[in-house]
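Structure at a glance
The primary structure of each chain is shown beneath.
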Amino acid sequence: MQTFQIIGKKIVLRVRQRICETEEEILNSSLFRAIVEAAVKKLTARGSILLDVFGTRTIGSNEIHTLIETLKFLVKMPGALVPNVVPGAEVLLKDPARLNDFVEYLYNFWRSFDRFLIADGEEGRDWDKRPYRTFNNTIGQLTNLIRSIYRDIQENITGQHPRIYRQVAAGAEVATIAVQREIPLPSEYARLRDIPVIRQILIVPPLILTPPNNKRSGRFGRVDTNPLEGMEFDPKEWLCYPAKVGTLVILIYFHHQLSELGHAMCNLFQLAEDEDLERKPDAVYAYGVAPSAMEKFGDNPTVFFDDQKNGLFSAAVPLKNEFGYFGYLKKMVLTLHNIILMKRGILPFHGALVRIILKGNIDKTILFIGDTGAGKSETLEALRELGEENIQDLIIIADDMGSLQIDKKGQIIGYGTEIGAFLRLDDLKPGYALGQIDRAIIMSANQVNARIILPVTTYEEVIRGEKVDFILYANNYDAVDDDHPVVERFKDAASALAVFREGTAMSKGTTTSTGLVHSYFANVFGPAQYKDLHDPIAKEYFEQFFKAGVFVGQMRTRLGLSGWEQKGPDEAAHSLLELMRSSS
């Protein structure tokens, strides 16, 4: 059984038993007819000359039927013979060159959609036990069939074989194996239990997506009522991505209309193992709920709730284009992570944590704390560029969010949350994105704040825990002069706390804010909503930083200053290398 939904520029195809196995099955499918009708409608709207193949500009169901029947036989025989078996095909084949152009348009029209295939598990099936076979028998088979149909039809129209074959992703770009799982959710969340849970994902990179929005606005609000209480969920329209966020397990439910964003999490968060799903999750997040259910939360209904009764957090964001940006997925999940850790007395951070091993037996772990666009990731890229001449190994522990703990010896130990990075294309060095494109998911490529999502580390590195040697505030707004060096050390905990608490940054346009902005500890993702909880934890930790001999200071990346987008992080990277050598 197969069902499909065409949602804007997305196609979501669900397979319950088997996928089309022959060219004829594809050409007889309701999805193929829907694609043909949509393509003709688009051509009609612009008055394209490609419609001349029909011999009329009034194209109805009869003309569509004749076209499909003609294509079915063009897969099998030369075009000159098709009118003998398909009445009306002679009109379509009157101008073979024009028909060939129409077929090329139809093929490219299909490929212009973001295409998702869901192998929907059911009782008695073992798709998730043999994932490679499942993917090979679904996404692989579909791709080969569609390319074969396209090539056979064009060869039979033109009578020629192509000289160049391009193995483009003609089938689905993303395939998912999703199964029913018994997850110990409290009774208040029973309506989520029937939603299929993703167990494996296959993507065909580079995956280039255009989500509804390319910026995030405001912050996530804490509310006093459970946003998921009484909410209905149709299992046919939802999937669950169970994410390992640091040591936490957060169930992320997303609506099919936001499929491109939900599936992109595979490049950012580790997918939970079967044993992780045997315990109650730490949080539940529904992304894309009915807007009417969220009206009670006001103008910015991106909210979370501390369900103390059940010992977990719940969160929801409505199904609106304004919230169709990956930041609403990633940052809500990290907000929940941060709050849960604060409630355990652990200090979260918004920053990048990296272990750098220099030649000469110098091994240091550096934490860069700063707001989005402060230059954290860019400085790391600059460090990578220094390459073999200086660096033996560069191991990322956290790219954007993580936590600090104080061990029994009083040492500061750092942990991460994500295995991937969500980076601004504009701020990366020329050529870097192309060098990583075989693993990349790219979003809003032709817009301001174009982004790339890349896996950058392993889950083992994220949760191992590393002793932190340097904690630096990423200052992207100050110029560098004799009184303001690239790297400046704070004298005491009080002066350090003042800078970190102020959280000043020059906005880079990744949200709707512009100019010089301030955010509490550069982290509106939990600490800002729980200042009373965060303040004493921060004070305790900053005092311990100095007791433990950690270098605490600020690093001037100048990323927010015009003309310094590349040079600023480069100079910061060189200063860090000098500092690491001098402190060893």
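All of the points below concern the structure found in this document. (Residues numbered from 1 in each chain as written. Predicted model: local features only at pLDDT ≥ 70, side-chain atom pairs only at ≥ 80, totals over all residues. Heavy atoms only, no water.)

A word on the overall build of the protein
The cut-off we apply is this: What counts as a helix is a DSSP run of H or I of at least four residues, what counts as a strand is a run of E of at least two, and both are numbered from the N terminus. Only the C-alpha atoms count toward the radius of gyration. The rule for a globule is 2.2 Å times the residue count to the power 0.38. Relative accessible area decides the class of each residue, using a 1.4 Å probe on protein chains only: under 20% of the type maximum gives buried, over 50% gives exposed, and in between gives partly exposed. Charge counting follows a simple rule: Lys and Arg are positive, Asp and Glu are negative, and His as well as the terminal groups are ignored. The atoms used to mark charge sites are NZ of Lys, CZ of Arg, CG of Asp and CD of Glu.
Along the backbone of the protein there are 14 helices and 27 strands. The C-alpha atoms of the protein give 27 Å as radius of gyration, which agrees with the globular expectation for 584 residues (25 Å, within 12%). Principal-axis analysis of the C-alpha atoms gives the protein an extent of 90 × 55 × 45 Å. Buried residues in the protein amount to 58% of all 584 residues. When the 67 positive and 75 negative side-chain charges of the protein are each reduced to one mean point, those points stand 0 Å apart.

Thoughts on the sheet that holds strand β19 (residues 420-424)
For the record, the criterion: Here a strand pair is declared whenever DSSP counts at least two bridges between the two strands. Working convention: axes come from line fits to C-alpha atoms, limited for helices to the stretch in contact. Angles between N-to-C directions cover 0 to 180 degrees.
Across the sheet, which stays open at both edges, the four strands sit in the order β6-β20-β21-β19 with mixed pairing between neighbours. Across the chains shown, the open sheet's two edge strands, defined by having one partner strand only, are β6 (207-209) and β19. In this sheet, neighbouring strand axes are inclined to one another by 20° on average, regardless of whether the strands run parallel or antiparallel. Pairing of β6 with strand β20 (residues 441-443) involves three bridges; the strand directions are parallel. Among the inter-strand pairings, Leu207 is bridged to a residue of β20, identified as Ile441.

Focus: the side chain of Asp371
Which entries qualify depends on this criterion: By definition here, a salt bridge exists when the distance from a side-chain nitrogen of Lys or Arg to a carboxyl oxygen of Asp or Glu is within 4 Å. Polar contact criterion, stated in full: a pair of N or O atoms within 3.5 Å, where within protein one must be able to donate a hydrogen and the other to accept it, and residues adjacent in sequence count only if both atoms are side-chain atoms. When checking whether two residues touch, look at their non-hydrogen atoms; a contact exists if any pair is within 4.5 Å.
Tracing the backbone through its elements, the reader meets Asp371 in the loop between β15 (362-369) and α9 (376-386). With no salt bridge to any partner, buried Asp371 finds its closest opposite charge in Arg216, at an N-O distance of 5.9 Å. At 3.2 Å, the side chain of Asp371 and the side chain of Ser519 are in polar contact. Beyond its immediate sequence surroundings of up to four residues, Asp371 is in contact with His350, Lys376, Ala505, Ser519 and Ala522.

Looking at the environment of Ile68
Note that Ile68 resides in helix α3 (residues 61-74). By relative accessible area, Ile68 is classed as buried at 6%. Considering only alpha carbons, one finds Ile68 and Phe32, 36 residues apart in sequence, at a separation of 8.9 Å. Apart from residues lying up to four places away in sequence, Ile68 is in contact with Leu27, Phe32 and Arg33.

Focus: the pattern of salt bridges
Side chains bearing opposite charge may pair, as long as their charged atoms lie close to each other. Counted under the stated rule, the structure contains 27 salt bridges. Here Glu418 makes a salt bridge to Lys330, at a shortest N to O gap of 3.5 Å. Note that Glu418 is positioned in the loop between β18 (412-416) and β19 and Lys330 in helix α8 (residues 326-342), a separation of 88 residues in sequence. Between Lys467 and Asp469 there is a salt bridge, with its nearest N and O atoms 3.2 Å apart. Each of Lys330, Lys331, Asp400 and Glu418 takes part in one network of salt bridges that share partners.

Here's the deal with the environment of Ala80
Among the secondary structure elements, Ala80 is positioned in the loop between α3 and α4 (89-92). Classification of Ala80 as exposed rests on a relative accessible area of 70%. In this structure, the C-alpha to C-alpha distance between Ala80 and Tyr105, residues 25 residues apart in sequence, is 22 Å.

What about the pairing of β15?
The element β15 is extensively covered by neighbouring structure, given that seven of its eight residues are classed as buried. Two strands pair when backbone bridges link them, and β15 and strand β23 (residues 470-475) are joined in this way by four bridges, in the parallel orientation. Counted as the bridge partner of Leu367 is Ile471 from β23.

Here's the deal with the side chain of Asn338
Looking at the element boundaries, Asn338 is found in helix α8. Engagement of the side chain of Asn338 in a polar contact is seen with the backbone oxygen of Phe525, the distance being 2.8 Å. Look past the residues within four positions of Asn338 in its chain and what remains in contact with it is Pro348, Met401, Gly402, Asn523, Phe525 and Pro527.

Side note on the packing of aromatic side chains
Under the convention used in this document: A pair of Phe, Tyr and Trp rings is counted when the ring centres sit within 6.5 Å of each other, with Trp represented by its six-membered ring. The angle between the planes then sorts it: under 30 degrees is stacked, over 60 is edge-to-face, the rest tilted.
Under the definition given, this model contains 19 aromatic pairs. When the centroid spacing of 6.4 Å and the interplanar angle of 80° are considered together, the rings of Phe220 and Tyr328 count as edge-to-face. Linking Phe220 in the loop between β6 and β7 (221-223) with Tyr328 in helix α8, this pair joins segments that are 108 residues apart in sequence. Given a relative accessible area of 3%, Tyr328 falls into the buried group. Through a chain of ring-to-ring contacts, three or more aromatic side chains come together here, namely Tyr473, Phe490, Phe500, Tyr520, Phe521, Phe542 and Phe545.

Topic: the packing of α9 against helix α14 (residues 567-582)
Threshold: Our angle categories are set so that under 35 degrees counts as roughly parallel, over 145 as roughly antiparallel, 65 to 115 as roughly perpendicular, and the remainder as oblique. We call a crossing left-handed when the near helix sits turned anticlockwise from the far one by less than a right angle, and right-handed when that turn is clockwise. All residues other than Ala, Val, Leu, Ile, Met, Phe, Trp, Tyr, Cys, Pro, Asp, Glu, Lys and Arg, Gly among them, are scored as polar; the first ten of these are nonpolar and the last four charged.
It is at 8 Å that the axes of α9 and α14 come closest, and there the two elements cross at 65°. The pairing of α9 with α14 is recorded here as roughly perpendicular in orientation. In this structure, the crossing between α9 and α14 has a hand that is right-handed. Contacts from Glu378, Thr379, Ala382, Leu383 and Leu386 of α9 reach α14 at Pro569, Asp570, Ala572, Ala573, His574, Leu576 and Leu577. Of the residues contributing to the contact of α9 with α14, the split by class is eight nonpolar, two polar and two charged.

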